[in-house]
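Structural characterization, general
Each chain, letter by letter, is given below.
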Amino acid sequence: MSTTILDRPVEGQGAISRDEIRDLYDAYYATLDDVRLHDWPEFFIENCLYRVIPRENYEAGYTLCTMQAESRGMLKDRVTGLTRTQMYAPRYYRRFPTAPRIVGEEGGAVLTRHNLLLVQTLIDKPSDIVMAAVCHDRIVRDGGRLRFAERIVVFDSEMVPNSLVYPA
Amino acid sequence: MSTTILDRPVEGQGAISRDEIRDLYDAYYATLDDVRLHDWPEFFIENCLYRVIPRENYEAGYTLCTMQAESRGMLKDRVTGLTRTQMYAPRYYRRFPTAPRIVGEEGGAVLTRHNLLLVQTLIDKPSDIVMAAVCHDRIVRDGGRLRFAERIVVFDSEMVPNSLVYPA
Amino acid sequence: MSTTILDRPVEGQGAISRDEIRDLYDAYYATLDDVRLHDWPEFFIENCLYRVIPRENYEAGYTLCTMQAESRGMLKDRVTGLTRTQMYAPRYYRRFPTAPRIVGEEGGAVLTRHNLLLVQTLIDKPSDIVMAAVCHDRIVRDGGRLRFAERIVVFDSEMVPNSLVYPA
């Protein structure tokens with residue numbers, strides 16, 4: 001069973017442990033909750049795939065999506081655009097992920113899945129849910145740390161919420 | 001302390017480890033989120049008790065509940081009914097459980113408790129909460145895997161949400 | 001790395017393990033969900049700091065907050081006030097914390113951070129979110145068990161929700 005292997009990483013051979021995966025997600029979501037956007041692209045490898053896609057398209061096999069980036073550079077461009085327009089000022093986001101589930105391994109990469117609830121709070125209004133999603137991620141060791149090689153955020157809607165200008 | 005015992009399952013004696021319990025819940029909720037309803041009854045033993053009950057009734061000791069099944073066969077009947085009417089088509093559900101807490105052991109069974117947030121997304125509408133609940137489960141080893149001998153979902157409401165046609 | 005140390009508590013020296021921290025939060029949130037308010041102050045040391053504060057004030061370095069207690073006695077007074085007025089009768093609260101992240105250690109204390117979603121259900125109404133927050137806690141061993149030396153609940157709003165008469 002793959003998880004057993006993962007629980008006993010072989011020293012010096014780059015196996016990925018459950019604890020490391022947990023630490024990766026903790027750091028990733030804390031970075032986004034704290035709106036440290038410039039740190040966000042560093043969680044991805046250079047030739048990453050980042051995609052936010054409605055569930056209906058994902059399940060039908062369409063690639064038409066709300067946001068896509070095919071490199072870390074594209075993620076950085078995204079951040080530059082966001083920080084220039086300052087659209088994120090008058091609202092807060094907070095992320096509530098479930099515990100990551102390890103669903104497979106492929107050539108040194110670990111495949112995980114978990115649910116994500118994105119909660120938005122506008123100033124002087126009650127909090128509400130802006131996105132309920134499942135994340136399909138591919139995690140690899142790169143440059144001495146774990147990074148996302150692929151992150152597909154599949155959200156339960158046909159709508160494109162305004163909030164999707166922000167990373168998930 | 002029971003959790004210490006559970007962390008060190010005795011080989012060949014069928015003790016239940018924390019990791020196995022985590023895997024059970026991961027698989028259970030992924031099955032429901034993916035609407036693989038025909039797989040759902042397999043998570044229960046043949047003579048199971050499955051009950052969805054309002055908090056007020058539960059705390060008062062009443063057994064009057066929104067849904068009850070007293071065998072795996074009754075769960076299968078439920079699935080047959082659901083898939084025939086196709087009521088689940090125009091909306092999505094996603095489940096956000098907290099980590100399961102082990103609260104006791106009884107003759108080879110493990111008793112757990114965790115909270116469950118059930119989020120509904122109608123097409124072209126924002127997501128909302130359809131149920132906030134606490135789950136009281138009894139887990140046993142049966143037929144080479146873990147299954148629920150008992151699952152009591154206690155939800156914080158007097159209302160019977162429409163959504164309760166779907167399993168929780 | 002501190003988490004490695006914490007995973008191997010030294011017997012008899014009072015180091016704090018990840019499992020103990022998890023157990024502390026499980027018990028803490030179950031106590032509040034079950035409205036066992038008289039047990040709540042026991043989760044804090046005598047000279048604790050408990051604070052519920054809007055994110056804007058917290059990030060600006062202001063200490064102006066919605067609720068503050070500087071001792072276990074003040075928490076007990078709070079409970080007495082709440083149980084007398086019976087304000088908590090016609091609604092339910094349920095807490096959805098993310099897994100606690102260990103962010104540091106200081107002289108035997110463990111510093112943690114996690115997100116908290118507080119969901120409210122009024123009788124005959126659908127559930128909604130009453131608070132999205134991040135908790136910055138300082139945990140110590142005190143009197144043979146873990147307790148909070150400090151708990152700062154930073155919520156994403158400028159508003160003071162009615163619900164904050166209840167502990168978080």
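Computed from a prediction, not measured in an experiment: that's the story for all the values here.

So, about the overall build of chain A. The secondary structure content of chain A amounts to four helices and seven strands. Within the span of chain A, comprising 168 residues, buried residues form 52% of the whole. When contacts within chain A are restricted to residue pairs at least 6 apart in sequence, long-range pairs at least 24 apart make up 55% of them. Taken as a whole, chain A presents about 7,500 Å² of accessible surface, with 49% of it coming from carbon and sulfur.

A few words on the pattern of salt bridges. Opposite charge on two side chains lets them pair, provided their charged atoms get close. Counted under the stated rule, the structure contains 51 salt bridges over all chains. For R36 of chain B, the salt bridge identified is with D39 of chain B, shortest N-O distance 3.8 Å. Taking relative accessible area as the criterion, R36 of chain B reaches 35% and is therefore assigned partly exposed. Where K76 of chain B meets E42 of chain B, a salt bridge forms, and the shortest distance between an N and an O atom there is 3.9 Å. Residue K76 of chain B is found in helix 4 (residues 72-85), and its partner E42 of chain B is found in the loop between helix 2 (18-33) and strand 1 (44-54); the two are separated by 34 residues along the sequence. One network of salt bridges, in which partners are shared, links D33, R94 and R95 of chain A together with R55, E59 and D156 of chain C.

This brings us to the relation of the copies chain B and chain A. In the superposition of chain B on chain A (RMSD 0.0 Å, axial shift 0.0 Å), the rotation amounts to 120°. Taken together, the rotation angle and the small translation identify this as a three-fold axis. Residue by residue, only 12% of the interface of chain B is reproduced at the interface of chain A, so the copies engage with different surfaces.

All names here are of chain C. Pairing geometry for strand 4 (residues 101-106) and strand 5 (residues 109-122), over five bridges, is antiparallel. When the sheet's bridge partners are listed, I102 is paired in strand 5 with T112. Counted between consecutive antiparallel strands, the loop separating strand 4 from strand 5 contains two residues, among which G107 sits at a positive phi close to 55°.

Before going further, it helps to examine the interface of chain A and chain C. Residue-level contacts link 25 residues of chain A with 20 residues of chain C. Both sides of the chain A and chain C interface together cover about 1,900 Å² of buried area, and 50% of this is carbon and sulfur. Considering only the surface of chain A that becomes buried against chain C, Y92, R94 and F96 of chain A emerge as the three largest contributors, covering 34% of it. Linking chain A to chain C there are two salt bridges. Run the count over chain A and chain C and you get seven residue pairs in polar contact (both at pLDDT 80 or more). Going through the elements one at a time, helix 2 (18-33), strand 3 (91-97), strand 5 (109-122) and strand 6 (128-142) of chain A are the ones with two or more residues in the side of chain A that touches chain C. A class-by-class count of the residues in the side of chain A that touches chain C yields 12 nonpolar, two polar and 11 charged.

Residues and elements named next belong to chain A. Here R91 shows up in strand 3. Through-space distance from the C-alpha of R91 to that of Q120 is 6.9 Å; in sequence the pair is 29 residues apart. When neighbours within four sequence positions are excluded, R91 is seen to be in contact with Q120, T121, L122 and Y166. Only 2.9 Å separates the side chain of R91 from the side chain of Q120, close enough to count as a polar contact.

Residue and element names in this part refer to chain A. The first and last C-alpha atoms of helix 2 sit 23 Å apart over 16 residues, in line with the 22 Å expected at 1.5 Å per residue. Taken residue by residue, helix 2 has R18, I21, L24, Y25, A27, Y28, Y29, A30, T31, L32 and D33 as its buried positions. Just downstream of helix 2 lies V35, where phi reads positive at about 60°.

Moving on, we get to the interface of chain B and chain A. Facing the 25 residues of chain B at the interface are 20 residues of chain A. With both chains or domains summed, chain B and chain A bury close to 1,900 Å², and 51% of this area falls on carbon and sulfur atoms. Considering only the side of chain B, the residues that lose the most area to chain A are Y92, R94 and F96 of chain B, jointly responsible for 35% of the buried surface there. Scanning the region where chain B abuts chain A turns up two salt bridges. A salt bridge links R94 of chain B to D156 of chain A; the nearest nitrogen and oxygen atoms lie 2.9 Å apart.

We now examine the relation of the copies chain A and chain C. The two copies are related by a screw motion: chain A maps onto chain C through a turn of 120° and a shift of 0.0 Å along the axis, at an RMSD of 0.0 Å. Taken together, the interface assignments show that only 12% of the residues at the interface of chain A recur at the interface of chain C, consistent with different surfaces on the two copies.

Time to look at the packing of aromatic side chains. For any pair of aromatic rings, the description rests on two quantities: the centre-to-centre distance and the angle between the ring planes. For the structure shown, the criterion picks out 30 aromatic pairs over all chains. When the centroid spacing of 5.7 Å and the interplanar angle of 80° are considered together, the rings of W40 of chain B and F44 of chain B count as edge-to-face. Under the relative-accessibility criterion, W40 of chain B is labelled buried at 0%. Overall, the relative accessible area of 0% leaves F44 of chain B in the buried class. Clustering of aromatic rings is evident, with ring pairs tying together Y25, Y28, Y29, W40, F43, F44, Y50 and F148 of chain A. In this structure, R151 of chain C is placed above the aromatic ring of F148 of chain C, and the distance from its NZ or CZ to the ring centre is 5.5 Å.

Another aspect to go through is the confidence of the model for chain A. Residues and elements named next belong to chain A. Averaged over chain A, the pLDDT score is 86; the fraction of residues at 70 or greater is 85%. When pLDDT is averaged over each helix and strand of chain A, the minimum, 42, is found for helix 1 (residues 2-7) and the maximum, 97, for strand 7 (residues 145-155). Taken as a whole, residues 1-13 scores under 50 in pLDDT and shows 15 contacts with residues more than four places along the chain or in a different chain. On the interface metric, ipTM, the complex scores 0.87, and its pTM is 0.89.

About the thresholds
Residues numbered from 1 in each chain as written. Chains lettered and ligands numbered in written order. Predicted model: local features only at pLDDT ≥ 70, side-chain atom pairs only at ≥ 80, totals over all residues. Heavy atoms only, no water. Helix = DSSP H or I, 4+ residues; strand = E, 2+ residues; numbered from the N terminus. Buried < 20%, exposed > 50% of the residue type's maximum accessible area, 1.4 Å probe, protein only. Contact = heavy atoms within 4.5 Å. Areas by Shrake-Rupley, 256 points an atom, 1.4 Å probe, with all protein chains shown as cover. Salt bridge = Lys/Arg side-chain N within 4 Å of Asp/Glu carboxyl O. Least-squares fit on C-alpha atoms with pLDDT ≥ 70 in both. Pairing = 2+ DSSP bridges. Buried area = accessible area lost by both parts, 1.4 Å probe. Polar contact = N/O pair within 3.5 Å; in protein donor to acceptor, adjacent residues only side chain to side chain. Nonpolar A, V, L, I, M, F, W, Y, C, P; charged D, E, K, R; others polar. Expected span 1.5 Å × (residues − 1). Phe/Tyr/Trp six-rings, centres within 6.5 Å; stacked < 30°, edge-to-face > 60°. Lys NZ or Arg CZ within 6 Å of the ring centre and 35° of its normal. pLDDT = per-residue confidence, 0-100.

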